[in-house]
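Here is how the chains run, residue by residue.
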Amino acid sequence: MSWQGEVAAPAVPAPRVGDEPELLTAARSGDAQAAHRLGKLYAQHGDRAAARLWWERAAAGGNVDSAYNLGIWHEKHGSLEEAVTWYEIAAGTGDAEAAANLATLLLEQRGDLEAARGWFESAARAGSRTAARRLALLCEDAGELAAAREWHRQAAGDGDVASAHDLGFLAYSSGDDAETVRWWEYAARGGHADSAYCMGLYLHASRDPEGAEAYYRLAAKSEHAGAASQLGGVALSRGDLRTARAWFEQAAGTGRAEDQRMAGFVCVELGDCAAASHWFGRAAAGGDAESAFNYGLLLIAEFGDLAGGQHWFRQAARAGHHGAAVELGGLLSVAGELGEAQEWLSDPPPPAWGRPAEPELAARAELASAATGRRGDVPLAVTDLTEVLATWDLVTRPLHDHSDVIGWLVERSGVHMSAIEHLASVRGTLLRPGSAPWPGIGEIEHVLATARNLRHRLGIR
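Conventions adopted
- Residues numbered from 1 in each chain as written.
- Predicted model: local features only at pLDDT ≥ 70, side-chain atom pairs only at ≥ 80, totals over all residues.
- Heavy atoms only, no water.
- Helix = DSSP H or I, 4+ residues; strand = E, 2+ residues; numbered from the N terminus.
- Expected span 1.5 Å × (residues − 1).
- Buried < 20%, exposed > 50% of the residue type's maximum accessible area, 1.4 Å probe, protein only.
- Contact = heavy atoms within 4.5 Å.
- Phe/Tyr/Trp six-rings, centres within 6.5 Å; stacked < 30°, edge-to-face > 60°.
- 1 Å grid on protein atoms, 1.4 Å probe; cavity = no way out; pocket = protein on both sides within 12 Å on 5 of 7 lines; lining within 4 Å.
- Points joined across faces, edges and corners; volume = space filled by probe spheres on them.
- Nonpolar A, V, L, I, M, F, W, Y, C, P; charged D, E, K, R; others polar.
- Core = buried A, V, L, I, M, F, W, Y, C linked by side-chain atoms within 4.5 Å.
- Salt bridge = Lys/Arg side-chain N within 4 Å of Asp/Glu carboxyl O.
- Arc of directions from axis to C-beta.

## Considering helix α15 (residues 241-252)
Taking 1.5 Å as the rise per residue, α15 with 12 residues should run 16 Å; its terminal C-alpha atoms sit 16 Å apart, in good agreement. Buried residues of α15: A244, R245, W247, F248, A251 and A252, and no others. Residues of α15 that are buried make contact with α13 (209-220), α14 (225-237), α16 (257-269) and α17 (273-285).

Pasting the structure below:
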């Protein structure tokens, strides 16, 4: 078709019921616009075959919109090959939507990354916000962060708040605080709940709890579970148990085990043991060892259910809960089951780290986890990152002069200097993103072992 490089015809009015005779006469006489409108009219009536027939006539007469519609038609009702052919015809004239659809088909159906990227770029340069975002994500996956930022900025400038959110993370990971705030604020104002939540975490990490609370409330308006959890913690810190319960239960309803556990704790404090049993039970059934332990305690103390308590202690002990193993051993001893009791009491799992971290450290840990979990990667565990940061904070707290903190820790603990230096380096990255690449899972496991060794040698439980 020789018209592929010509300028597309201007948009034509939508067809109306009753226009058929007039359009049919014009289309039969070779009017491509009339044929296009007639195809749309048949499509509205549900006659797909007639719609295709008239769009094919219109496309043969140079109507780009019909070529695009035929691409959609074949994508839904025909073949991939035909859809690609018609999209290519429309995209070849500079049609941005056709180029974006073509790129999506090539990427998702054929796995042709190179061709898809070319068409996404063509569509993005023609003004497609969707294509600009898809192209930005492809560039991120390829490690081309400068190009990714360029295309995310184009999409965000056209109102794509998801790209603005991604720009916030790219800026955060590179240590650019001003850009981080700029893009997360922009996305939050546009209704992006995750960006509002991330702004809350960022302000919490920056020791601005009032500002953080405002953003958590903004995110919570969109039923963001993390924000509800944070607000539960805020209410709890103020002694407002009823408000804390409402927020934790909102978060718990989404299946978050840590919030189901917190809802259980608050219900115990409020004297609502039935509700506490419900939340501890749900979290325990989902595999949360701490909840299983507390569920067992509640069943025995409030309901006199020794068998139920023993069951959940055993579940928690098998998952590595120290307190549950000790309690289970005690129950079994009383019941005369001395063999199993001795097994649990002689070699219980080691106690888990249970000290609460400072809010700003917990916020940094969650932001680092989110940053490393983007684009389908496995996120670093928030609990592990929090333990690393909190350990360093705890073991260095007695030191007034931090000019030689590593040497001081080596002298006090006997842990090798290289291990403490590595721990300090990872801690620095978590607190000052951009100073070094994010650590990997294996690296976190290594420094976590160092942190636990430090606590053990310093006698910190």
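The rest of the description comes next.
## A few points about the packing of aromatic side chains
Within the structure shown, the criterion is met by 10 aromatic pairs. Between Y197 and Y216, the aromatic rings sit 5.7 Å apart at their centres with planes inclined by 45°, giving tilted as the arrangement. Taken together, the residues span a long stretch of sequence, with Y197 in helix α12 (residues 193-205) and Y216 in helix α13 at a distance of 19 residues. For the pair Y197 and Y216, one class covers both residues: buried. Between F293 and F313 the ring centres are 5.8 Å apart and the planes differ by 40°, which places this aromatic pair in the tilted class. Of this pair, F293 sits in helix α18 (residues 289-303) while F313 sits in helix α19 (residues 306-318), placing them 20 residues apart in sequence. Each member of the pair, F293 as well as F313, is classed as buried.

## Here's the deal with the layout of surface pockets
Size it by volume and the second largest pocket reaches roughly 290 Å³. In terms of lining, the second largest pocket is formed by 14 residues, of which the most central are E140, L170, S173, A371 and R374. Counting residues per element, the ones that place at least two in the lining of the second largest pocket are α8 (129-141), α9 (145-157), α10 (161-174) and α22 (359-372). Ranked by the residues each element gives to the lining of the second largest pocket, the list is headed by α10, at 4 residues. A breakdown of the residues in the lining of the second largest pocket according to their chemical character gives 5 nonpolar, 3 polar and 6 charged.

## Topic: the nonpolar core
One finds Y87, F120 and W151 to be the most contacted residues of the largest nonpolar core, which totals 35 residues. Of all the elements in the fold, those that place two or more residues in this core are α3 (48-60), α4 (64-77), α5 (80-91), α6 (96-108), α7 (113-125), α8 and α9. W151 has contacts with E121, A124, R125, A132, L135, A136 and C139, leaving out every residue within four places of it along the chain.

## Quick notes on the environment of G211
Inspection of the secondary structure puts G211 in helix α13. Residues G211 and M199 lie 12 residues apart in sequence; the distance between their C-alpha atoms is 8.9 Å.

## Quick look at the pattern of salt bridges
One pass over the full model with this rule turns up 21 salt bridges. When the shortest N-O distance is used, the salt bridge between R374 and E140 registers 3.1 Å. Of this pair, R374 sits in the loop between α22 and α23 (382-396) while E140 sits in helix α8, and the two are 234 residues apart along the sequence. Of the two residues, R374 and E140, both sit in the buried class. Through salt bridges with shared partners, one network takes in R133, E140, D166 and R374.

## Regarding the environment of A132
Among the structural elements, A132 can be located in helix α8. On the basis of relative accessible area, A132 is assigned to the buried category, the value being 0%. Spatially, the C-alpha atom of A132 lies 38 Å from that of L23, the residues being 109 residues apart in sequence. If we ignore the near neighbours within four places in the chain, the residues touching A132 are A124, W151, Q154 and A155.

## Describing helix α11 (residues 177-189)
Here α11 is 13 residues long and its end C-alpha atoms lie 18 Å apart, about the 18 Å a rise of 1.5 Å per residue gives. Listing the buried residues of α11 in full gives T180, W183, W184, A187 and A188. Down the axis of α11, the buried side of the element spans an arc of 135°, and every buried residue falls inside it. For α11, exposure combined with an orientation more than 90 degrees from the buried face picks out A178 and R189. Looking at the packing, one finds that the buried side of α11 touches α9, α10, α12, α13 and α22. Phi turns positive one or two residues past the end of α11, at G191, with a value near 95°.

## Re the side chain of S277
Looking at the element boundaries, S277 is found in helix α17. Its relative accessible area of 14% is what places S277 among the buried residues. Look past the residues within four positions of S277 in its chain and what remains in contact with it is Y295, L298 and F303.

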